[in-house]
Structure formats: structure tokens, C-alpha cells
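The chain contents come next:
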Amino acid sequence: MSTPFKDLVHAARGLRKAPAFTLAAALTIALGIGASTAIFSVVNAVLLRPLPYKDPDRLVIITSDMRNRNVPDFPFPPGDVKDLREDATLLEGLAAVVTGRQAVSGDDGEPEQVQAAGVTPNFFSLLGARVALGRNFVESDATPQPAPPGPPPGPLAGPPANALPLMAVLSHGFWQRRYGGDPGVIGKSIDLGGARAQVVGVLQPGFEVLFPPRLNIERTPDVYTALRIDYENGSRINVFLRLIGKLKPGVSVARAEGQMEGIAADLRHRFPIKEAAGVHFRVEPMHAELVADVRPAILALMGAVVFVLLIACANVANLLLVRAGGRGRELAVRAALGGTRRHLVRPVLAESLLVAGAGAALGVLLARFGIQVLVRLGPASLPRLDAVTIDRAVLAFAVLAGLCAAILFGLVPALRASRPDLMDALRSSGRTAALGGGRLARSAVVTAEVALSFVLLVGCGLMFRSFVALQRTDPGFEPAGVLTFVVQNFRGRTPDARAADMRQLAERLRALPGVRGVTAATPLPLDGGLANGRWGTEEALADPSKFQQATSHTVLPGYFETMRTRLLAGRTFTEADNTPDAKLVIIDRVLAAKAFPNQSAVGKRLLVRIRSNEAEWLEVVGVVEHERHESLAAEGREAMFFTDGFLGHGFAGRWAVRVAGDPARLAPPVRAAVKELNPLLAVAEMEPYQALVDRAQAPTRFALVMIAIFAAIAALLASVGLYGVLSTAVRQRTAEIGVRMAFGAAKGSIFQLVVTQGLKLSGIGILLGLAAALALTRVMRSMLVGVAPTDPLTFAAIAGLFVLIAAVASWLPARRAAELDPTVALRGE
């Protein structure tokens, strides 16, 4: 009596006797399962796996939106944090963080620029981070200190020299890299950005600060310091803090947001400036907010690989249909001897399971290689990419994909095997039995392959057009030939000393061979930095809601010449403008059109709040072309430019040097020039400007490469499937072709007969794929740049390409049919 185990043994023997079929089927399924498993590993690590924090489901990110100025995701000022701490009773805890670049120097090595984070003392305990060495922060570490004289310091600036040292906790990686894992570092003092900091602890390995990239929080700070902020008397306008909250058990996000909105409403009532800006507070689950920007792209890629898997299953189903046809006599004999439908189905399903199992095993091996490619190509905006691996969840997915594949490609052949035509099968020759059945099923399967492949090719075409659009986008400046790097802001000295240092550095850099221009700015376009300023015209004096938000750039004179940002009207900054008393501003084309429509902006006054809590009038001396600051994909917000001296000197920290030829060759002399000026100055992030542009293009390039790979695999599988169906059809119609040729049919007409059949199948598949693509490509809207998801040119081009693929796939079977010997064909040989 037959058992499932015996069926598997019998199926294994049969597959071993047909190595070509077994290898082709297993490799085809391996491609589909390997691709889908690799992408699922990304889905698992980024979208499904909980955050590596304590109670991750209760963690939320709290942001402020200025709705009247269309500014989302705004940071918080210290004064608002005080109110949230007191009134947000639905939160178990509230922590704040701000990150930026600082220089570390001291007796332990060369000066080094590091990523520093200022945090509230409860930051690590809220997230459940452990301190591996030393101690965690305590509340007394955050005791406010007297503010230093001069211009307002940045949020990471240290206290004056006579104040108590900052308390610092080092990341595990920085501790190992700079201090060699020496436990004696606890208690030592280091120089951090011109201030003394005492090391009190070292974090556990692998701790990361996971915020959405658009919020500009560094993922892996090297040094954490306890923020010393006077929240009671803190500013309501100076925004720089990002907030993480933990909900109390049982509290929903919606309920917490309702309470936050009540606090925001009270602030709007108490502070007219907040009412004018339309300040509202928003609460988002931390994990959902982290992946919000990348979720559409990841799900689109997952959908693409599911299509590849379906196409692979369709190909193997066609192979199994042909193989089942070859076993027609065997199955007919089984049925004649009393075999039930279940007994006829089981051998075919057993072969399907074995093929799927082999394909899944090979697919996991392919997925390991695919994950390496994904990690290498993945953009920096893709969170937790380094956590992508094959774990138990991914292996379970591969097994499940194999089982589903076995059912998908084994079901149709099994159903056909369960209904054999006894008399026809027993009378027919082996060849006729092998080829005669399942023609309609095989044609339907290959039509589905063509439809699925067409959808993928359309997606690839849309991404290609988006990438071309990005390549052609004018960023508003010329990145080629520019070397960019960061130098520690010249803190801890008087404004005049900082100005002298920056002027000397610029002169040394200009003296280097091949240098065509030198400047510095904070931020530079596309560098990931964020700075905002408020602007208005005369009407804003009477109605504060008329103030609007702009990106503000602090620059050295010579910025526009070095960056080759086109001057549209007026003039650029000169050295004489680089002082606190020169109340001048340069605006871009977008702001000029908003503030002074249909008139010249040069010579007009603009009301600006940038260096104090009160707005002040500045004279517009120039209008320049708009620079794309945050993204190449969108024009972005309008921009204002101020001199470094206007803000007190030393704020422009990212330098740009234009050179003749390859900018990378200038790196060593630039480092030497900085060190010659001051050995304690640290240089970091030195790279050609084109690298910043490449990173801005990385998400689109990543999606394009991935979808292109999947589309190529799908098109190859579909063309192979079409070739197989037509080859089988030619063998089925050998006798018919012989009769046609005996009655005088020309070779050309036979060739046309087969090609027409292939194009007909492809045409039906293209029409079905067209309808599916019109519906499915709409989910790609957020991934596209400069092209609509239903772009007719792309659809027409892909349709033409697929007709060409179908013609090529049909050519070889058609040629074989046209060259048949009529005598041989009539004998059915």
C-alpha cells in the first residue's frame, strides 16, 4: 500500500533519473525564493523586528508642527519641555537629545572630531541602555551652569572655564577605538569642544539612537554629555531638542496625543508667537515613525520579489505539466487498477515538495549573498540595515515560501494528473501522451508570467526615469571639483580671535596649488544639516501669523563664487560685510518671489529672526539661484544667507574648497594646512562634494537597482517559459506542420504561424499586465521623481520592449518548425 513516505522515495528516484529537469526546476525556484528571502530579511529587520530598547511598544517620538508655516517635525525649546514634563501625566518618562559634531583632544591622542550627543540624565534609563563600565548619569549631572559671555552658544557648547566640568559617557566603540578599552578612562577629563568633560561611564556595545533620518539625530554618537539647561527660565523660541516619551502602561498613542494637543493649546494661548505659527504637538509610535519614510519602498520591493517568486512557480508548473504528460500512461494504468484521485495526486505533489525543498535550500544560500549586496548598496536613510541577517524568522519565511511554492506550481499538474483519459492515454504513443495534454493550462501559465513580468518592467522603467530626472536636476550650485570637510568650530575664544583663525585658514587654503575658491558654511546644501530662520515683510509686524520659515545658511564671503551659485540680482557678500553690525541678507529666488512678487528684492528690507528672540530688519543686497538643500527630489524651502560675522564668527563649520582637477588629491595638503594653523583643530568628513550628491541620490538608485534585478530575472523567466511553451507546441503540431508543408506551405508561413502564436500569448499577457500595472504602480508614487506612476511613455516603451522579448523567445521554435523535413514530420518523428 502506498504511503506519503513511499511517494517521496519514489519521487526522489524519479527526479534522480531526470537530472536536467530537476536541476532546472530547483534553480528556478531557488531564484524566486532567494530573492524573496533576501528582501524579507530587510522587511524583518526594518519593519517587523522590535526596537532594541526596553518596552519598545510604549516608546513614542514627540514632535512639534508649525501648521501655519507648513513646517512639520520641528524641535522643542527648553521652555516647552518644562511644560511637557509637568503636564504630560500620561507619560511614564520624557527624555531629550540633541546631537552635533565636536572635537575631542587631550593627552590620549591626536585631536579628533566626534559625534557628540547632549541628553537628559534619564535618557539611557528610559531606553533601557546599560552602562558597561562606570555609572549612568544622575540628575545632579544636569545642574545648570552660568552662561558664557558673548553670542548665545550652541546646544552642545560647554560651560565657561570656571564652571564644573561636563559629565560624559562614552560609546563602547569610541572607548575601544581611542582609549584601547582602558578601564582607567573612568574619572579622566577630556577636552570636548573647548570645554572640560569628565568621563563617568562607558555604554554597552551596540547601542544606537534610532530616529528618522529627517530629524537629524546622529545614530551612533561617540560621546554623550548630560545637558545642563535651565528649563524654568529656558527660551520658548530657541528650538533644538528632540523628545522621546514612554507611555504609561495601557495608555494609547491617540490618548497621549490628545493630552499633548491640550498642552499645545495652552501654550498657544499663553504665547502669541506660538498662536501665530500654529504650533501643534504630535505623538507617533517610535518604531512606526522610524520607518515611515522607507516603508513604501521596502514594501514595493517585497511586492516585486513576490512577483518573481510567482513567475518562477509558473515556470516550474509548466515543466511539471510537460513531465506529468509524460507520465500519462503510468497514471492511466494506476487509475485502471483502481487508484483513487488521492493516489494519483500524491506522486505529483511529492515531486513538487522535493523540488521546492531543494529550491528553498539553494535559495537560502543565494539569499546570504543577496543580503551582502543589499547591505552594500543600501542607502544611509534605511534604518537598521546593519541588523539585516538570516535569523529564525527569515528561515521560517524561506520554509513557508518553499511550501507555498510547492502548492502553487504543483497544484495544476496534480489536478491534471488526477483526471487521466484512460483510453486515450493507453492507446497513444509515449511522445503523444507527453505532449498532447495541458496545452491550455501551459498557455494560461505563460500568459500569467508575461503579465507579472510586464508589471515589474514597468516599475523598473518608472524608477529608471526617476533616476534620470535626478541626474538632470540642477541643484543650484556646481558640486564637481569641490572638496568638503568639517573643522571644529573655533569655540572657547573671543569673536575677534575666531574671526582671525578662520581668515588665516581661508588664506592658507587659497595658497594651495590648484585652489580656485574657498568658503565655509553651516549648513552646506545636501550635507544633512538643518537650520531654520523666520522671515516676514511689513505685514508681519501687524499680523505675526504672516511670518514664514526658511532654511538659513551661515556663510563666509566668497560662498556663492566658490559654490558657483548663480547671482540673479544685486551683489554677494564682501569681507566688509562679515561683521555683527552689517545687517545684510542675501535671499534665494524662491524667497524673493514670495516676499517681493513682481518686483526687485534688492534694496528692500526683510524682517528676520535669526540671532535673537526678536526679529530685526535686514537689507536684501542680493538674490541668488535656489539651492536644493534637503533633497534633489524636491525644490524644498526658500533660503536666507547671513555672514558668519553677523552671528558672531565661528558658526560656519563645513568648508568647501574648489580645485582644478580631482578634489580628492587635495586632501593631504588641506589636512596639513589645518594642522599648521592649529595642531588642536580636528578635521573630519573630508570627501568630494559629489559624495554628498551621490548620497542624496542613493534611495532612488537603490530602488532602481533592486527592481531592475528583479525585472531582469522576471523577463528572463517569462521568455524561457514562452520559449518552452512554443517548443512544446511545435512538437505537438509536428504532423500538422508536415501536412501544411506537403500541401505547399512556405517556410515563411510556418515561421509566421509559430511567431504569431507566441505574440498572441504575449499580447494577452501584456494587456493583463497593463491593467495590473495601472493599479499597482500608484503605490510607487512616493518613490518617483519627475514622472507620474501611470506615465504613458514608460508604459508604451515597456510594451514595445516586451513585444521584442516575445519575438526573440519565439524565434528559435519558429525557426525549428520552418526547417522541419515534411517526410519526417508526417511520420511524427
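Residues numbered from 1 in each chain as written. Predicted model: local features only at pLDDT ≥ 70, side-chain atom pairs only at ≥ 80, totals over all residues. Heavy atoms only, no water.

> Sorry, what's going on with the overall build of the protein here?
Within the protein one finds 25 helices and 22 strands. Taking all 829 residues of the protein together, 54% fall into the buried category. Looking at the protein alone, contacts between residues at least 24 apart form 82% of all its contacts between residues at least 6 apart. For the protein, the accessible surface area stands at approximately 35000 Å², while carbon and sulfur atoms represent 59% of it. (Helix = DSSP H or I, 4+ residues; strand = E, 2+ residues; numbered from the N terminus. Buried < 20%, exposed > 50% of the residue type's maximum accessible area, 1.4 Å probe, protein only. Contact = heavy atoms within 4.5 Å. Areas by Shrake-Rupley, 256 points an atom, 1.4 Å probe, with all protein chains shown as cover.)

> Sorry, what's going on with the pattern of salt bridges here?
In a structure, side chains of opposite charge can pair up when their charged atoms sit close to one another. In total, this model carries 39 salt bridges according to the counting rule given. Here Asp-222 and Arg-177 are joined by a salt bridge, their closest N and O atoms 3.7 Å apart. Linking Asp-222 in the loop between β8 (195-203) and β9 (223-226) with Arg-177 in helix α5 (residues 172-179), this pair joins segments that are 45 residues apart in sequence. Overall, the relative accessible area of 12% leaves Asp-222 in the buried class. (Salt bridge = Lys/Arg side-chain N within 4 Å of Asp/Glu carboxyl O.)

> Looking at this model, I keep getting lost on the nonpolar core. Mind explaining?
One finds Phe-123, Phe-124, Phe-137, Phe-207, Tyr-224, Phe-409 and Phe-710 to be the most contacted residues of the largest nonpolar core, which totals 111 residues. Every residue in contact with Phe-137, bar those within four places of it in the chain, is listed here: Val-119, Pro-121, Phe-124, Met-167, Ala-168, Val-169, Val-200, Tyr-224, Thr-225 and Ala-226. Of all hydrophobic cores here, the second largest spans 31 residues; its members include Val-71, Phe-76, Val-98 and Leu-247. (Core = buried A, V, L, I, M, F, W, Y, C linked by side-chain atoms within 4.5 Å.)

> Please clarify how the packing of helix α3 (residues 78-87) against helix α6 (residues 253-270) should be interpreted in this entry.
Relative placement of two packed helices is described by the angle separating their axes and the distance separating the axes. One can describe the packing of α3 onto α6 by two numbers: an axis separation of 11 Å at closest approach and a directional angle of 135°. Comparing their axes, α6 and α3 come out oblique. Read as a crossing pair, α3 and α6 show a hand that is right-handed. Taking contact as the criterion, the partners of Asp-80, Asp-83, Leu-84 and Asp-87 in α3 are, on α6, Gln-259, Met-260, Ile-263, Leu-267 and Arg-270. Residues of the contact of α3 with α6, tallied by class, amount to four nonpolar, one polar and four charged. (Axes fitted to C-alpha atoms, helices over the stretch in contact; angles between N-to-C directions. Parallel < 35°, antiparallel > 145°, perpendicular 65-115°, else oblique. Left-handed = near helix turned anticlockwise from the far one by under 90°. Nonpolar A, V, L, I, M, F, W, Y, C, P; charged D, E, K, R; others polar.)

> What's the story with the environment of Leu-770 in this structure? I'm lost.
Within the secondary structure layout, Leu-770 lies in helix α23 (residues 747-776). Take Leu-770: its relative accessible area is 29%, and that puts it in the partly exposed class. Sequence separation between Leu-770 and Val-455 is 315 residues; the distance between their C-alpha atoms is 7.1 Å. Each residue touching Leu-770, except ones within four places of it in the same chain, is listed here: Phe-454 and Phe-795.

> Got a minute to help me understand the packing of aromatic side chains in this structure?
Per the stated rule, a full pass over the model turns up 15 aromatic pairs. On the basis of an interplanar angle of 55° and a centroid distance of 6.1 Å, the ring pair of Tyr-53 and Phe-207 is categorised as tilted. Here the residue Tyr-53 occupies a position in the loop between α2 (19-48) and β1 (59-66), and Phe-207 occupies one in the loop between β8 and β9, the gap between them amounting to 154 residues. Of the two residues examined, Tyr-53 and Phe-207, each falls in the buried class. Taken together, the ring pairs connect Tyr-53, Phe-123, Phe-124, Phe-137, Phe-207 and Tyr-224 into an aromatic cluster. (Phe/Tyr/Trp six-rings, centres within 6.5 Å; stacked < 30°, edge-to-face > 60°.)

> What is the right way to look at the packing of helix α16 (residues 495-510) against helix α20 (residues 667-677) in this model?
One way to put it is that α16 packs onto α20 with a least axis distance of 10 Å and a crossing angle of 145°. Crossing of α16 over α20 shows right-handed handedness. Of the residues in α20, those in contact with Asp-501, Gln-504, Leu-505, Arg-508 and Leu-509 of α16 are Val-670, Ala-673, Val-674, Glu-676 and Leu-677. Grouping the constituent residues of the contact of α16 with α20 by class yields six nonpolar, one polar and three charged.

> Honestly, unusual backbone geometry in this entry has me stumped. Any pointers?
Most of the time, phi is negative for any residue but glycine, and the peptide bond is trans. In this structure, Pro-523 follows Thr-522 across a cis peptide bond, with omega equal to -10°. Tracing the backbone shows Pro-523 in the loop between β13 (515-522) and β14 (532-536). Even without glycine at this site, Asp-55 takes up a positive phi of about 50°. Among the structural elements, Asp-55 can be located in the loop between α2 and β1. Overall, the relative accessible area of 30% leaves Asp-55 in the partly exposed class. Even without glycine at this site, Asn-70 takes up a positive phi of about 55°. Mapped onto the secondary structure, Asn-70 falls in the loop between β1 and β2 (71-74). Residue classification places Asn-70 among the exposed residues on the basis of a relative accessible area of 61%.

> What's the story with the pairing of strand β17 (residues 584-588) in this structure? I'm lost.
Regular strands have side chains that alternate between both faces of the sheet. With five of five residues buried, β17 lies mostly within the body of the structure. Side chains Leu-584, Ile-586 and Asp-588 of β17 all project onto a buried face; the interleaved residues Val-585 and Ile-587 project onto the opposite face, where all are buried too. Note that β17 and strand β20 (residues 639-643) share two bridges and pair antiparallel. Bridging across to β20, Ile-587 finds its partner in Met-640. (Pairing = 2+ DSSP bridges.)

> When you look at empty space enclosed by the protein in this model, what are you seeing that I'm missing?
Picture a little ball the size of a water molecule; that probe, rolled over the atoms, points out where space is still empty. Under the counting rule described, the total for this entry stands at four cavities of 30 Å³ or more. Each pocket or cavity is described by its volume, and for the largest cavity that value is around 240 Å³. Lining the largest cavity are 19 residues, with Met-66, Phe-74, Arg-236, Ile-237 and Val-239 positioned closest to its centre. Among the elements that line the lining of the largest cavity, the one with the most residues is helix α7 (residues 272-277), at three residues. Among the residues forming the lining of the largest cavity, the class breakdown is 11 nonpolar, two polar and six charged. (1 Å grid on protein atoms, 1.4 Å probe; cavity = no way out; pocket = protein on both sides within 12 Å on 5 of 7 lines; lining within 4 Å. Points joined across faces, edges and corners; volume = space filled by probe spheres on them.)

> Please clarify how the environment of Arg-701 should be interpreted in this entry.
Tracing the sequence through the fold places Arg-701 in helix α21 (residues 689-732). Looking at Arg-701, the relative accessible area reads 29%, which means it is partly exposed. Once the C-alpha coordinates of Arg-701 and Leu-470 are considered, the two residues, 231 residues apart in sequence, prove to be 9.6 Å apart. Reaching out from Arg-701, the side chain makes a polar contact with the backbone oxygen of Asp-694 at a distance of 3.1 Å. (Polar contact = N/O pair within 3.5 Å; in protein donor to acceptor, adjacent residues only side chain to side chain.)

> Looking at this structure, I do not really get the side chain of Gln-115. What am I missing?
Take Gln-115: it is sitting in strand β4 (residues 109-119). Here Gln-115 is in contact with Gly-100, Arg-101, Glu-218, Thr-220, Pro-221, Asp-222, Val-223 and Glu-685, once residues within four sequence places are set aside.

> Teacher, can you tell me more about the confidence of the model for the protein here?
Any segment with low pLDDT has predicted coordinates that should not be analysed in fine detail. Per-chain confidence: the protein averages 84 in pLDDT, with 86% of residues scoring 70 or above. Confidence drops under a pLDDT of 50 for residues 422-437, and excluding neighbours within four residues, the segment shows 28 contacts in the predicted structure. (pLDDT = per-residue confidence, 0-100.)

> Please clarify how α6 should be interpreted in this entry.
Since one α-helical turn is 3.6 residues long, residues separated by three or four positions face the same way. Relative to the 26 Å expected for 18 residues at 1.5 Å per residue, α6 spans 26 Å between its end C-alpha atoms, a close match to the ideal helical length. Buried residues of α6: Ala-256, Met-260, Ile-263, Ala-264, Leu-267 and Arg-268, and no others. Buried residues in α6, looked at end-on, bunch into an arc of 145°, giving them a common side. Turned more than 90 degrees off the buried face of α6, the exposed positions are Ala-254 and His-269. (Expected span 1.5 Å × (residues − 1). Arc of directions from axis to C-beta.)

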